[in-house]
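Residues per chain are reported as follows:
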Amino acid sequence: MGWTDTHAHLADESLADQIDLVLERAARAGVSRILCVAVDARSSEAAIKIAEKYPQVWATVGIHPNYANQAAETDWERIQDLASHPRVCALGETGLDLHWDDCPFPIQQANFARHWQLSRDTQLPLIIHMRDCEPEMLQALDEQQALEEQSKAGVLRGVMHSFAGSTEIAARCLSLGLYISFAGMLTYKKSVELRETAKKIPMDRLLVETDSPYLSPEPHRSRRPNEPANVVFTGKCLAETIGTSAQILAEKTSENASRLFWKMM
Ligand code: NI
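Residues numbered from 1 in each chain as written. Predicted model: local features only at pLDDT ≥ 70, side-chain atom pairs only at ≥ 80, totals over all residues. Heavy atoms only, no water.

Novice: Help me get a handle on the environment of G62, residues and values and all.
Specialist: Inspection of the secondary structure assignment puts G62 in the loop between β3 (57–61) and α4 (73–82). Once the C-alpha coordinates of G62 and I127 are considered, the two residues, 65 residues apart in sequence, prove to be 9.1 Å apart. Apart from residues no more than four positions distant in its own chain, G62 is found in contact with A38, V39, D40, S44, I79, G92 and H115. (Helix = DSSP H or I, 4+ residues; strand = E, 2+ residues; numbered from the N terminus. Contact = heavy atoms within 4.5 Å.)

This is the structure:
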């Protein structure tokens with residue numbers, strides 16, 4: 001098995017308009033699976049359509065924190081229904097964001113909490129977005145872990161996507177049961193600390209992603225849109241950083257993806 005890009009917004013029009021070419025380039029680069037990540041009800045439906053058409057693509061359903069105040073109650077009902085679709089293997093992306101003030105924070109917190117409830121109901125993992133809100137995120141995760149403990153083993157199912165936090169935050173997330181996913185930022189020259197953090201993460205908790213169409217890795221940093229084929233550059237950088245071969249890391253991170261996103265084959 002090749003690489004698994006665990007986070008690509010293929011329904012974004014910059015990629016959707018050339019989807020056949022994008023997927024062809026990904027296959028040629030050695031990317032065997034792609035998780036198409038939604039940000040609202042509309043893109044959740046679009047992600048499922050893409051995943052129904054292309055066997056190497058899987059879908060998520062969920063509401064991004066920056067769009068939580070635009071979501072109608074019927075949107076959330078739709079997402080709950082879609083979560084049981086056979087091609088849906090995760091919820092999100094969701095989480096918390098204090099960088100942009102698009103959506104009032106209490107609405108983001110409530111939106112995040114209802115995704116966790118749906119995760120407990122469906123056993124689907126969460127794709128977690130965190131920006132400029134580390135203390136608030138840790139508090140929310142602790143609360144969810146306490147709720148999880150009441151029903152199950154107390155381990156959270158999910159991934160901190162496009163991770164850019166500190167080693168300490170990574171350690172806390174790992175102890176809660178979460179996976180850590182790296183995107184193109186890992187390849188940037190100035191990301192010295194982030195690469196130091198990556199070295200300390202056990203290999204069985206690592207994932208890679210592009211966050212396409214954003215965050216193009218080196219050497220294509222200025223090129224937009226980013227696309228799943230480029231996950232190979234982040235993967236190679238991560239392999240070099242932790243001192244293993246690209247081939248081994250591709251296998252390991254894909255195995256990790258299969259374990260976390262258990263519906264994904
Ligand atoms: Ni994203």
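Novice: Requested: an account of the side chain of T210, with residues and values cited.
Specialist: Structurally, T210 can be placed in the loop between β8 (206–208) and α9 (231–242). Note on T210: relative accessible area 1%, which makes it buried. A distance of 2.6 Å separates a polar atom in the side chain of T210 from a polar atom in the side chain of S212. Beyond its immediate chain neighbours, meaning those up to four positions away, T210 contacts D5, H7, A8, A183, L215, N226, E227, P228, N230 and V231. (Buried < 20%, exposed > 50% of the residue type's maximum accessible area, 1.4 Å probe, protein only. Polar contact = N/O pair within 3.5 Å; in protein donor to acceptor, adjacent residues only side chain to side chain.)

Novice: So what about the packing of helix α6 (residues 134–151) against helix α7 (residues 167–175)? Which residues, and what values?
Specialist: The relative placement of two packed helices is expressed as an angle between their axes plus a distance between the axes. Packing of α6 against α7 brings their axes to within 11 Å, and their N-to-C directions diverge by 10°. Regarding the angle of α6 to α7, the classification is roughly parallel. For the pair α6 and α7, contact is made by E134, L138, L141 and D142 and by I169, R172 and C173, respectively. For the contact of α6 with α7, the class distribution of residues is four nonpolar, no polar and three charged. (Axes fitted to C-alpha atoms, helices over the stretch in contact; angles between N-to-C directions. Parallel < 35°, antiparallel > 145°, perpendicular 65-115°, else oblique. Nonpolar A, V, L, I, M, F, W, Y, C, P; charged D, E, K, R; others polar.)

Novice: Quick rundown of the coordination of the nickel ion? Include the residues and the values.
Specialist: Coordination of the nickel ion by the protein comes from H7 (NE2), H9 (NE2), E93 (OE) and D211 (OD), over a distance range of 2.1 to 2.4 Å. For the nickel ion, the four donor atoms in the first shell make angles of 86 to 175° at the metal, a pattern classed as irregular. Within one chain, the residues donating to the nickel ion are spaced in sequence as H-x1-H-x83-E-x117-D. Of this pair, H7 sits in strand β1 (residues 3–8) while D211 sits in the loop between β8 and α9, placing them 204 residues apart in sequence. In this pair, the class of H7 matches that of D211, namely buried. (Donors = N, O, S within 2.8 Å, 3.2 Å for Na, K, Ca; no water. Tetrahedral: all angles 85-135°; square planar, octahedral: opposite > 155°, others 65-115°.)

Novice: Describe unusual backbone geometry, with residues and values.
Specialist: Omega for the peptide link from G92 to E93 comes to 10°, which places this bond in the cis form. Among the secondary structure elements, E93 is positioned in strand β4 (residues 88–97). The omega torsion across R224 and P225 is -5°, close enough to zero to call that bond cis. Structurally, the position occupied by P225 is in the loop between β8 and α9. One non-glycine residue with positive phi stands out, namely Q123, at about 70°. Positive phi, normally seen in glycine, also occurs at L215, with a value near 55°. Its location among the elements puts L215 in the loop between β8 and α9.

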